[in-house]
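# Structural characterization, general
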2 protein chains.
Amino acid sequence: MKKPAISDTPILDQLRDRWSPRAFSNRPVPLESLRSLMEAARWAPSCFNVQPWRFIVATRDGGDEFQTALSCLVEGNQKWAQHAPLLLLVAAQMNFDDGKKNPHAFYDTGQAMAHLSVQATALGLFIHQMAGIVHDKIVQTYGLPDGFETVCAAAIGYYGETDSLDGKLHDMEVAPRARRALSESFFSGAWDRPAAV
Amino acid sequence: MKKPAISDTPILDQLRDRWSPRAFSNRPVPLESLRSLMEAARWAPSCFNVQPWRFIVATRDGGDEFQTALSCLVEGNQKWAQHAPLLLLVAAQMNFDDGKKNPHAFYDTGQAMAHLSVQATALGLFIHQMAGIVHDKIVQTYGLPDGFETVCAAAIGYYGETDSLDGKLHDMEVAPRARRALSESFFSGAWDRPAAV
C-alpha cells in the first residue's frame with residue numbers, strides 16, 4: 001500500500017513515500033540491502049562525531065535471535081512485528097568519552113535512524129519504529145554496559161497484505177497520514193509567529 | 001568541495017554526499033527550496049505522531065532577525081555561520097499533551113532535522129548543525145514556553161570558498177570524513193558481537 005505525504009511542495013521521493021506500516025511480508029531482506037541500511041546510518045552526522053548510536057540486529061532467518069529480540073517488544077507490537085523479517089533494537093551512548101553527559105545522544109541516534117529509514121525507502125523497504133519496548137529486558141538480555149540507554153525498536157521489511165491486520169490495527173493501517181501545518185512548527189522572529197514562506 | 005562518504009557499500013546519493021561544511025556562499029536559499037526543507041522535516045515520523053520539533057527560521061535578507069539568531073550561537077560558531085544565508089534554531093516539546101515526559105522528543109527532533117538535511121542535499125544545499133548555542137538567550141529572546149527545550153542550531157546554504165577559512169577551521173574543512181566500522185555499531189545476539197553482514 002502506498003501512502004505518500006499529502007503535499008503540494010516537492011520533496012525527495014524517499015521522504016514522500018516513507019510511512020510506518022504494520023503489515024509486513026515475510027520476504028527476507030537481502031544481505032546487501034541490510035548492509036546498505038547500516039551504511040546509511042553510519043554516515044549520519046553527530047555532535048563531535050561521537051556516533052552515539054548502537055543497533056542490535058535480528059533477522060528472522062536467525063531463528064532464536066529473532067525470537068529473543070521480538071520478546072523485547074511490548075505485546076501489542078509483537079503481534080504485528082513478528083511477521084517482519086528484520087528487527088532492530090536501538091541504544092545510545094549517553095556520555096562523551098570524558099564522562100560528561102552528551103545531551104545530543106538521542107537526537108543524533110534519531111538522525112542515524114532517519115538516514116536508515118530513507119535508505120530503506122530507496123530500497124523498497126518499509127520501517128516501523130516502536131517506542132513500546134521492554135527496556136530492562138533489553139539491558140539484561142544483551143548485556144548493555146553502563147552509560148548506554150535503550151531508545152526504541154524498529155521492524156523492517158517489504159510491504160505485506162493490508163487485510164492481514166484486523167480491528168484497530170487495520171484501521172490505523174489505512175488511516176490517512178497527517179501532520180501539523182508548517183506554520184505551527186516553523187517560526188520567525190518570535191515563538192508562534194509563523195515563518196513567512 | 002565534495003566529500004562523499006568513503007564506502008564501497010551503495011547508499012542513496014543524498015546520504016553519501018551530505019557533509020557539514022563551514023565555508024558557505026552568501027547566495028540566498030530560494031524561497032521554494034526553504035519550503036521544501038520545511039516540508040521534508042514535517043513528514044518525519046514521531047512517537048504517537050506528536051511532532052515534537054519546532055524551528056526558528058532566520059534568513060540573512062531578513063536583516064535584524066538574522067543577527068538576532070546569529071547572536072544565539074557561541075562565538076566560535078558565529079565566526080563562520082555569519083556567512084550562511086539561512087539559520088535554524090531548533091527546539092523540542094518535552095512532554096506529551098497529558099503532561100508526561102516524552103522520552104523521544106530529542107530523538108524525533110533529530111529525525112526531522114535529518115529529513116531536512118537529506119532534502120537540503122537533494123537541492124544542492126549544505127547544512128552544518130551546531131551544539132554550540134546559548135540556550136538561555138534563545139529561551140529569553142524568542143519566548144520559549146514552558147515544556148520546550150532548546151536543542152541545537154543549523155547553518156544552511158550553498159558551498160562557498162574553502163580558502164575563506166583559515167587556521168583550524170580550514171584544517172577541519174579539508175579533513176577527510178571518518179566513521180567507526182559497522183562492526184562497532186551493529187551487534188547481533190549480544191552486545192559487542194558484530195552483526196554478520
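Residues numbered from 1 in each chain as written. Chains lettered and ligands numbered in written order. Predicted model: local features only at pLDDT ≥ 70, side-chain atom pairs only at ≥ 80, totals over all residues. Heavy atoms only, no water.

### Concerning the nonpolar core
- In this structure, F55(A), M113(A), F55(B) and M113(B) are the most contacted members of the largest nonpolar core, which totals 62 residues.
- With residues near it in sequence (within four places) discarded, F55(A) still touches A41(A), L88(A), L89(A), V90(A), A112(A), M113(A), S185(B), F186(B) and F187(B). (Core = buried A, V, L, I, M, F, W, Y, C linked by side-chain atoms within 4.5 Å. Buried < 20%, exposed > 50% of the residue type's maximum accessible area, 1.4 Å probe, protein only. Contact = heavy atoms within 4.5 Å.)

### What about the pairing of strand β4 (residues 148-157) of chain B?
All names here are of chain B.
- Most of β4 is tucked away: nine of the ten residues are buried.
- In this structure, strand β2 (residues 86-93) lies alongside β4, joined through eight bridges in antiparallel fashion. The partner of L86 across the bridge, within β4, is I156.
- Bridging between strand β3 (residues 126-130) and β4 involves five bridges; their strand directions are antiparallel. Bridging from a neighbouring strand, I127 pairs with I156 of β4. (Helix = DSSP H or I, 4+ residues; strand = E, 2+ residues; numbered from the N terminus. Pairing = 2+ DSSP bridges.)

### What about the packing of aromatic side chains?
- In this structure the tally under the stated criterion is 16 aromatic pairs over all chains.
- Geometrically, the ring pair formed by F187(A) and W191(A) is edge-to-face, given 5.0 Å between the ring centres and 65° between the ring planes.
- Owing to a relative accessible area of 1%, F187(A) belongs among the buried residues under this scheme.
- On the accessibility criterion, W191(A) (10% relative accessible area) is buried.
- Relative to W80(B), the ring of F24(B) has its centre 6.4 Å away and its plane inclined at 20°; by these criteria the two rings are stacked. (Phe/Tyr/Trp six-rings, centres within 6.5 Å; stacked < 30°, edge-to-face > 60°.)

### Side note on the pattern of salt bridges
- As enumerated under the stated definition, the model contains eight salt bridges over all chains in all.
- Of the charged contacts, one joins D13(A) and R16(A) as a salt bridge, the two residues approaching to 3.3 Å between their closest N and O atoms. Of the two residues, D13(A) and R16(A) are both situated in helix α1 (residues 13-16); the distance of three residues between them amounts to about one turn of the helix.
- Among the ionic pairs, D17(B) bridges to R16(B), the shortest N-O distance being 2.8 Å.
- Exposure remark for D17(B): the relative accessible area of 28% places this residue in the partly exposed category.
- By relative accessible area, R16(B) is classed as partly exposed at 31%.
- Linked by salt bridges that have partners in common, D13(A), R16(A) and D17(A) make up one network. (Salt bridge = Lys/Arg side-chain N within 4 Å of Asp/Glu carboxyl O.)

### Details of the sheet that holds strand β6 (residues 190-194) of chain A
- Read across the sheet, six strands follow the order β6(A)-β5(A)-β1(B)-β2(B)-β4(B)-β3(B) without closing on themselves; strand pairing throughout is mixed. Each end of this open sheet is capped by a strand with a single partner; those strands are β6 of chain A together with β3 of chain B. Strand-to-strand twist across the sheet, computed as the mean angle between neighbouring axes with direction ignored, equals 35°.
- In the sheet, strand β1 (residues 53-59) of chain B pairs with β2(B) via seven bridges, with the strands oriented antiparallel. Looking at β2(B), one finds that R54(B) is bridged to A91(B).
- Packing against the sheet, helix α5 (residues 105-122) of chain B makes contact with β1, β2, β3 and β4 of chain B, and its axis sits at approximately 155° to β2(B).
- In this fold helix α6 (residues 135-142) of chain B packs onto β6 of chain A together with β1, β2 and β4 of chain B, with an angle of close to 95° to the strand it touches most, β4(B). (Axes fitted to C-alpha atoms, helices over the stretch in contact; angles between N-to-C directions.)

### Overview of the relation of the copies chain B and chain A
- Between chain B and chain A, the superposition needs a rotation of 180° and an axial shift of 0.0 Å, giving an RMSD of 0.0 Å. Expressed as a symmetry operation, the mapping of one chain copy onto the other fits a two-fold axis. Within chain B, Y107(B) has its C-alpha nearest the rotation axis, a separation of 2.1 Å.
- By residue overlap, the copies meet face to face through one surface: 100% of the interface positions of chain B are interface positions in chain A. (Least-squares fit on C-alpha atoms with pLDDT ≥ 70 in both.)

### Describing the packing of helix α2 (residues 31-42) of chain A against helix α5 (residues 105-122) of chain A
Residue and element names in this part refer to chain A.
- Relative to each other, α2 and α5 sit at 140°, their axes nearing to 7 Å. The interaxial crossing formed by α2 with α5 has right-handed handedness. For the pair α2 and α5, the contacting residues are S36, L37, A40 and A41 in the first and A112, H115, L116, Q119 and A120 in the second.
- For the contact of α2 with α5, a count of residues per class yields six nonpolar, three polar and no charged. (Left-handed = near helix turned anticlockwise from the far one by under 90°. Nonpolar A, V, L, I, M, F, W, Y, C, P; charged D, E, K, R; others polar.)

### Notes on the interface of chain B and chain A
- Taken together, the contact pairs 75 residues of chain B with 75 residues of chain A.
- For the pair chain B and chain A, the two sides together bury roughly 7000 Å², of which 62% comes from carbon and sulfur.
- When the buried surface of chain B facing chain A is broken down by residue, W43(B), Y107(B) and W191(B) rank first, second and third, together holding 14% of it.
- On the surface where chain B and chain A come into contact, there are two salt bridges.
- One salt bridge connects R193(B) with E65(A), and the closest N-O pair in it is separated by 3.9 Å.
- Inspection of the chain B/chain A interface yields 44 residue pairs in polar contact (both at pLDDT 80 or more). (Buried area = accessible area lost by both parts, 1.4 Å probe. Polar contact = N/O pair within 3.5 Å; in protein donor to acceptor, adjacent residues only side chain to side chain.)

### As for the sheet that holds strand β6 (residues 190-194) of chain B
- Read across the sheet, six strands follow the order β3(A)-β4(A)-β2(A)-β1(A)-β5(B)-β6(B) without closing on themselves; strand pairing throughout is mixed. Single-partner strands in this sheet number two, and they are β3 (126-130) of chain A together with β6 of chain B. Geometrically, the sheet is characterised by an average inter-axis angle of 35° between neighbouring strands, direction not taken into account.
- Against the sheet, α2(A) engages β1 (53-59), β2 (86-93) and β4 (148-157) of chain A together with β5 (186-188) of chain B, with an angle of about 170° to β1(A).
- Its contacts with the sheet put α5(A) on β1, β2, β3 and β4 of chain A, and the angle it makes with β2(A) is roughly 155°.

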